[in-house]
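# Examining the three-dimensional arrangement
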Amino acid sequence: MLSDRFSLIEKRNRETVVNETSVDSRLCSPSPLPSPAGRGRGERTRLACRSWRLAKTRSGGPQERTREPRMLPFILLATVMALGLAKAGAADWPQLLGPSANGTSAETGLLSAWPSGGPKVLWKKQIGTGYSAPSIRDGRLVLFHRIGNEQIVEALDPKTAKPVWRHVSPTRYRDPFGYNNGPRCTPLLTEKHCYTFGAEGVLLCLDVKTGKPVWQRKTAEEFQVPEAFFGVGASPVIEGNLLIVMVGGQPNSTMVAFDKDTGKVAWQSAGRDTWQGKPAIGWPGEPLVRWRGNEKLASYSTPTLATIHGRRTLLSLTRQGLVSLDPKTGKVNFSHWFRARVNESVNAANPVVAGNRVFCSAAYYGVGSFLLDVGEDGKSFTEVWSTNERRKANRRLEPVLGIHWTTPILHDGHLYAFSGRDEPDAHFRCVELESGRVKWSRDERWQKRGGKQPNVYGRGSAVMADGRLFVLGEGGLLGLFEVNAEKPVELGRHQVPELRYPCWAAPILSDKRMVIRSEDYLICFDVAK
C-alpha cells in the first residue's frame, strides 16, 4: 500500500514537471585521486577530478589577552563571501538553519500568536521520504526527497508549490536501523548552483536555474568512507570558492574541500593524525587514542564557519570530537575529544559560536556539553565549563543540555534548545551560555506508543524571528514562544493534522512564510501579522 502511494505521488509529480533532468550517461566517470542518533542495549538506534563535470587550555594555562585589531570591514566581507549570499534576498533561507546558518531570521511583522485553528495554510504537498529541510533562494524552494528507488532534487515556486524543475537519480540506500531511506542533508543554494549530499555520499552540483547536472563526486567510493550508522547527515557549507564537506574518509579525510564550480579537491584534513595519541576526554582513565583504521569519522553535525579573533575558522563536530581548521587550507588549529564511550552513538548538533566562545552538545549516554574559550592564537583554548568537569564533583550529575540533533538558538547570551536523547527524556530549556546554568526547563517527555500524537513537543526544533521562537515538535505540534530568558512563555500551539512522528527537520522562514516537513508532507503557512 505504501508503494502504491509512492507510485501515485511519482505519477502526479511527473505530470507536472516543467523540466526534468537525470544523471547524464554522457558524463565521464570520476578520475582517481555515513536522524542522527543511536540506541544501544538492544534498542533501535535513532536519528537520527574524480568528478564529472559539465562546463582549561590543552597547551597550558589561560591565554593572555590583548586588544584585538579593528577588523570589522574584513569580517563583514569574509562573512558575505563565506555564505555565498552577496546577491541573495533578505528573506531567503538558502541553507541549513537559514541565511546565517544559526536558525535565526531578520524578518519582522510576523504573527505574535496563533489564530484559532493555527496559522493559515497556503499550500501543502505530499512528498517522498527524508529528513532534509528545504531551502529557498531567488524565488525557488528546493526540496531533496526520495520516492521508491529514486532520490529527487525538486525546485518549486515557494508561493504556490508549482514545479520549476526536477532532477532524478537512482538510489539503493537502506537504513540499517529501520529509519526512512531518504536524504538527510539540506540543499545548499547559491546564485548559480544547488548542492546536495545524498544518504549514500553522492555529492551533486546542479545548475540552480535549470536543475541540470554540473558535477558530481561519489565520496563513499573515492575516500575510503566506513559505513555510517544512518547514512550521510552533515550538510555542506561554502567558504569563498570552496564547498566544504564532512566526508568521513580514512585515514585523514574527515573534512574535504572541493572547488565549488568544478568539484576538484582542494584539500583533505582531520582524522588519524588529529586524534592518534590524544586523550579520550571523559572516558575512564582518559586513555590515549590508538587508531585502528576502521573508525567512523563523519558525524551528523554540519560544520560551522565563524570569525574568531579576526580569523576565519571552520568548526567541525566530528565523530571523535571538535576540530578547528583553517577553511582555506584545511590545516588543523586544535582538536577536543568529545564523544560517548559506547560505539552506538553519534554527535549531531552543530557547534554554536559566540565571539571567541564555542559551545557543543550531544545526547548519548550523558556526554552532555562544553564551552570553550578560543585563545588569541586560534590554536589553543580554555575550557570554560563542561559536563565532564562538573561530574568530577558529582558523578551522577545530569547535563544541563544533552542535545540530540537540533542546534540551539543563541540570543543575548542564552541558549534555547530541546534536551534529551529519546522521547522519555525530552525537555525544552533555556541555559545561560557563560555559566552553563539552567534558567528554565519545561517537561516535554512522552512515551511513543501507538499512533496518537502527544500534546507535548518531545524533542523539537526551533528557529527565531521577530522576538519569537517558532517550534516544531517531533510529533507535529507547532508552537510559538517568546524569546524570554526568565520564563517560558508559550504564545500558541497547534497540532498540524497531516503531520505525525517523526518531524525532525527544523522549520524554515522566508518572506513571512513558514515551511515545515514530515516524512511525507511539505506544508507552507502564512505567518505574516
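Residues numbered from 1 in each chain as written. Predicted model: local features only at pLDDT ≥ 70, side-chain atom pairs only at ≥ 80, totals over all residues. Heavy atoms only, no water.

## Some points on the overall build of the protein
- Within the protein one finds five helices and 35 strands.
- Taken across its 529 residues, the protein has 60% of its residues classed as buried.
- Total accessible area on the protein stands at roughly 21400 Å², and carbon and sulfur atoms take up 50% of it. (Helix = DSSP H or I, 4+ residues; strand = E, 2+ residues; numbered from the N terminus. Buried < 20%, exposed > 50% of the residue type's maximum accessible area, 1.4 Å probe, protein only. Areas by Shrake-Rupley, 256 points an atom, 1.4 Å probe, with all protein chains shown as cover.)

## Overview of the sheet that holds strand 22 (residues 357-362)
- Overall, antiparallel pairing links the four strands, which are arranged 21-22-23-24 in an open sheet. Taken across any chain shown, the strands that pair with only one partner, and hence form the sheet edges, are strand 21 (352-354) and strand 24 (381-386). The average undirected angle you get between the axes of adjacent strands in this sheet is 25°.
- Of the pairings in the sheet, the one linking strand 21 to strand 22 comprises three bridges and is antiparallel in character. Counterpart to V353 in the pairing with strand 22 is V358. (Pairing = 2+ DSSP bridges. Axes fitted to C-alpha atoms, helices over the stretch in contact; angles between N-to-C directions.)

## A look at unusual backbone geometry
- Here the residue pair Q250 and P251 is connected by a cis peptide bond, since its omega of -10° sits within 30 degrees of zero.
- Relative to the helices and strands, P251 is located in the loop between strand 14 (242-249) and strand 15 (253-259).
- Here the amide bond leading from Y501 into P502 is cis, since omega sits at 0°, within 30 degrees of zero.
- Examined against the element boundaries, P502 turns out to sit in the loop between strand 32 (490-495) and strand 33 (508-510).
- Even without being a glycine, A101 presents a positive backbone phi close to 60°.
- With respect to the secondary-structure elements, A101 resides in the loop between helix 2 (72-83) and strand 3 (104-105).
- Exposure remark for A101: the relative accessible area of 33% places this residue in the partly exposed category.
- Non-glycine residue D466 carries a positive phi angle of around 55°.
- Among the secondary structure elements, D466 is positioned in the loop between strand 29 (461-465) and strand 30 (468-472).

## Examining the pattern of salt bridges
- Overall, the coordinates contain 21 salt bridges when judged by the stated rule.
- Linked through salt bridges whose partners overlap, the residues forming this network are R442, E444, E490 and R493. (Salt bridge = Lys/Arg side-chain N within 4 Å of Asp/Glu carboxyl O.)

## Some details on the sheet that holds strand 30
- Strands sit in the order 3-29-30-31-32 across an open sheet of five strands; the sheet is mixed. On the outer flanks of this sheet lie strand 3 and strand 32, each paired with one strand and no other.

## Focus on the environment of G355
- Relative to the helices and strands, G355 resides in the loop between strand 21 and strand 22.
- When its relative accessible area of 54% is taken as the criterion, G355 is described as exposed.
- Taking C-alpha positions, G355 is 9.0 Å from D373, a pair spaced 18 residues apart along the chain.
- Those residues within four positions of G355 in sequence are excluded, and the remaining contacts are T307 and I308. (Contact = heavy atoms within 4.5 Å.)

## Things to note about the confidence of the model for the protein
- Across the protein, the average pLDDT comes to 85, with 82% of residues at 70 or higher.
- This model gives residues 1-86 a pLDDT under 50, and the stretch forms 220 contacts once residues within four places in sequence are excluded. (pLDDT = per-residue confidence, 0-100.)

## Examining the nonpolar core
- Core analysis: the biggest nonpolar cluster contains 34 residues, and F470, M514, I516 and V527 have the highest contact counts within it.
- Breaking this core down by element, the ones donating at least two residues are strand 6 (140-147), strand 29, strand 30, strand 31 (477-482), strand 33, strand 34 (513-517) and strand 35 (521-526).
- Ranked by residues supplied to this core, first place goes to strand 35 with four residues.
- Those residues in contact with M514 that lie beyond four places of it in its chain are W114, F470, L478, P507, I508, L509, I523, C524, F525 and V527.
- W291, L297, L314 and V323 belong to the second largest nonpolar core, which has 20 residues in total. (Core = buried A, V, L, I, M, F, W, Y, C linked by side-chain atoms within 4.5 Å.)

## Some details on the state of the cysteines
- Under the criterion given, the structure shown has zero disulfides.
- Looking at C205, it has no disulfide partner, and the nearest cysteine sulfur is the one in C194, 8.1 Å off. (Disulfide = S-S within 2.5 Å.)

## With respect to the pairing of strand 30
- A large share of strand 30 lies buried, amounting to five of its five residues.
- By the alternation rule, side chains of strand 30 split into R468, F470 and L472 and L469 and V471, which are all buried.
- Hairpin connection, strand 29 to strand 30: the antiparallel pair is bridged by two residues, and D466 has positive phi, about 55°.
- Count of turn residues in the strand 30/strand 31 antiparallel hairpin: four residues, of which G476 carries a positive phi of about 95°.

## Some words on the packing of aromatic side chains
- This model, assessed by the stated rule, comprises 26 aromatic pairs.
- Between W446 and Y501, the aromatic rings sit 5.7 Å apart at their centres with planes inclined by 75°, giving edge-to-face as the arrangement. Of this pair, W446 sits in the loop between strand 28 (437-443) and strand 29 while Y501 sits in the loop between strand 32 and strand 33, and the two are 55 residues apart along the sequence.
- A residue is classified by how much of its surface remains accessible, and W446, at 10% relative accessible area, is buried.
- Here Y501 falls in the buried class, since its relative accessible area comes to 15%.
- Taken together through their ring pairs, the aromatic side chains of Y131, F177, Y179, F229, F230, Y300, W405, W446, Y501 and W504 make up a single cluster.
- Sitting over the face of the ring of F229, K296 holds its NZ or CZ atom 4.9 Å from the ring centroid.
- Just above the ring of Y365 sits the side chain of R421; from NZ or CZ to the centre is 4.8 Å. (Phe/Tyr/Trp six-rings, centres within 6.5 Å; stacked < 30°, edge-to-face > 60°. Lys NZ or Arg CZ within 6 Å of the ring centre and 35° of its normal.)

## Topic: the side chain of H494
- In this fold, H494 is placed in strand 32.
- In terms of polar contacts, H494 uses its side chain to reach the backbone carbonyl oxygen of G117, at 3.5 Å. (Polar contact = N/O pair within 3.5 Å; in protein donor to acceptor, adjacent residues only side chain to side chain.)

## Things to note about the pairing of strand 31
- When you tally the buried positions in strand 31, you get five out of six residues, the bulk of the element.
- As paired elements, strand 30 and strand 31 share five bridges and run antiparallel to each other. Paired with F470 across the bridge in strand 31 is L480.
- Bridge count for strand 31 against strand 32 is five bridges, and the pairing is antiparallel. When the bridges of strand 32 are listed, F481 appears paired with E490.

## What about the environment of F418?
- Here F418 lies in strand 26 (residues 414-419).
- The sequence separation of F418 and W405 amounts to 13 residues, and the corresponding C-alpha distance is 9.2 Å.
- Not counting residues within four places of it along the chain, the set of residues in contact with F418 comprises I403, T406, H427, F428, E444, Y457, G458, R459, G460, S461 and V471.

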